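Analysis of the macromolecular model
Listed below, chain by chain, are the residues.
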Amino acid sequence: MRIGLLGAGNMAGALGEQWARAGHEVLVGARDPGKAAALAERIGYGARSGTFREAAEFGEAVLLAVWYEGVADVLEAAGPLDGRVLIDCTNATAPPDFTLRTPSVAGWIAERVPGARVVKAFNLCHESVWRLAPPPVGVPLCGDAEAVAVVAGLVREMGCAPLHGGGLERAGLLEATAAFALGVYFGGPEVGDPRGMFPPIKIAAEGVGPIAAGSTSR
Ligand SMILES: NC(=O)c1ccc[n+]([C@@H]2O[C@H](COP(=O)([O-])OP(=O)(O)OC[C@H]3O[C@@H](n4cnc5c(N)ncnc54)[C@H](OP(=O)(O)O)[C@@H]3O)[C@@H](O)[C@H]2O)c1
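Residues numbered from 1 in each chain as written. Predicted model: local features only at pLDDT ≥ 70, side-chain atom pairs only at ≥ 80, totals over all residues. Heavy atoms only, no water.

**Notes on the packing of helix α4 (residues 68–78) against helix α5 (residues 105–112)**
- It is at 11 Å that the axes of α4 and α5 come closest, and there the two elements cross at 15°. One element, α4, and the other, α5, form an angle in the roughly parallel class. Here the hand of the crossing between α4 and α5 comes out right-handed. Residue-level contacts link Tyr68, Val71, Ala72 and Leu75 of α4 to Val105, Trp108, Ile109 and Arg112 of α5.
- Here the contact of α4 with α5 is built from residues that sort into 7 nonpolar, no polar and 1 charged. (Axes fitted to C-alpha atoms, helices over the stretch in contact; angles between N-to-C directions. Helix = DSSP H or I, 4+ residues; strand = E, 2+ residues; numbered from the N terminus. Parallel < 35°, antiparallel > 145°, perpendicular 65-115°, else oblique. Left-handed = near helix turned anticlockwise from the far one by under 90°. Contact = heavy atoms within 4.5 Å. Nonpolar A, V, L, I, M, F, W, Y, C, P; charged D, E, K, R; others polar.)

**A word on the sheet that holds strand β5 (residues 85–88)**
- Across the sheet, which stays open at both edges, the 6 strands sit in the order β3-β2-β1-β4-β5-β8 with parallel pairing between neighbours. Each edge of the open sheet carries a strand with a single partner, namely β3 (48–50) and β8 (117–120). Averaged over neighbouring strand pairs, the angle between their axes works out to 25° when direction is ignored. (Pairing = 2+ DSSP bridges.)

**Thoughts on the nonpolar core**
- If you look at the biggest cluster of nonpolar residues, it comprises 36 residues, and the most contacted ones within it are Leu5, Trp19, Ile87, Phe122, Leu141 and Val151.
- Secondary structure elements with two or more residues in this core: β1 (2–6), α1 (10–21), β2 (25–29), α2 (33–43), β4 (61–64), β5, β9 (138–141) and α7 (145–157).
- Excluding residues that lie within four positions of it along the chain, isoleucine 87 makes contacts with Trp19, Ala61, Val62, Leu63, Leu64, Val119, Ala121, Phe122, Val151 and Leu154. (Core = buried A, V, L, I, M, F, W, Y, C linked by side-chain atoms within 4.5 Å. Buried < 20%, exposed > 50% of the residue type's maximum accessible area, 1.4 Å probe, protein only.)

**Here we look at the pairing of β4**
- On β4, burial covers both faces: Ala61 and Leu63 on one face and Val62 and Leu64 on the other are all buried.
- Taken together, the 4 bridges between β1 and β4 define a ladder with parallel strand orientation. For glycine 4, the partnering residue across the bridge sits in β4 and is valine 62.
- Crossover connection from β4 via α4 to parallel β5: handedness right-handed. (Right-handed = clockwise from strand over helix to strand, strands pointing away.)

**Observations regarding unusual backbone geometry**
- Along the chain, proline 95 connects to proline 96 via a cis peptide bond; the corresponding omega equals 10°.
- With respect to the helices, strands and loops of the structure, proline 96 is situated in the loop between β6 (93–94) and β7 (99–100).
- Residue alanine 133 is joined to proline 134 through a cis peptide bond whose omega torsion reads 0°.
- Within the secondary structure layout, proline 134 lies in the loop between α6 (127–130) and β9.
- Phi at tyrosine 45 takes a positive value of approximately 50°, unusual for a residue other than glycine.
- Looking at where tyrosine 45 falls in the secondary structure, it is placed in the loop between α2 and β3.
- Of note, phenylalanine 122 is a non-glycine position whose phi angle comes to about 65°, a positive value.
- Take phenylalanine 122: it is sitting in the loop between β8 and α6.
- What makes phenylalanine 122 buried here is its relative accessible area of 1%.

Printed below as a string of structure tokens:
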């Protein structure tokens, strides 16, 4: 598949390398041609570089990997994105309390580029996780079923399990999950360890065993 990257930073580098390694053609788009070329070289596997518009036109799937503040500018530079699967990994959260600046960046993006098939994905983990081979996580995806199926294929090729998170109207929940987790991660030791927030599925589904006699918990 041809994949365009909008952005030449950490997330574009981490995911672009995964997909290039899996055999996809990658074109890095950025406002600074030098940064785009440098990332294409780091990614390797024949990755090329160009403008935002060139990356958008090149990609059957296009990753949007810029900070929230730059999204409007980058989408304008990219053009209409008609028919493209637009993978949105952005988080519109602000330290120190990691509140949301908008209820759903993905929903807002879908309104700005109505011809694109937006899928929210990859926003829950730090870029260092996406560099692992394979990243040891499930990847929740929100979007229309056909577009989600395309991204699910890319997720499987990275060695991860896709998790079907529902339609794009649920993307705001995924963004809120990221904001909450970031707040806990950066909250310091007194907040606790966020890795315990989600128990292993076996415990979540089956509980920890029979409830002891006299217990008041349900
Ligand atoms: N880093 C993570 O661990 C992580 C994890 C999950 C989700 N995310 C989300 O992923 C997105 C990208 O994060 P990142 O860490 O990859 O960021 P990054 O390394 O800072 O890269 C951001 C890219 O966006 C470009 N950019 C920013 N503002 C722009 C503007 N106004 N016009 C054009 N280009 C602009 C930058 O270009 P210049 O270099 O020219 O400034 C750079 O290529 C963010 O929304 C973030 O919340 C990040």
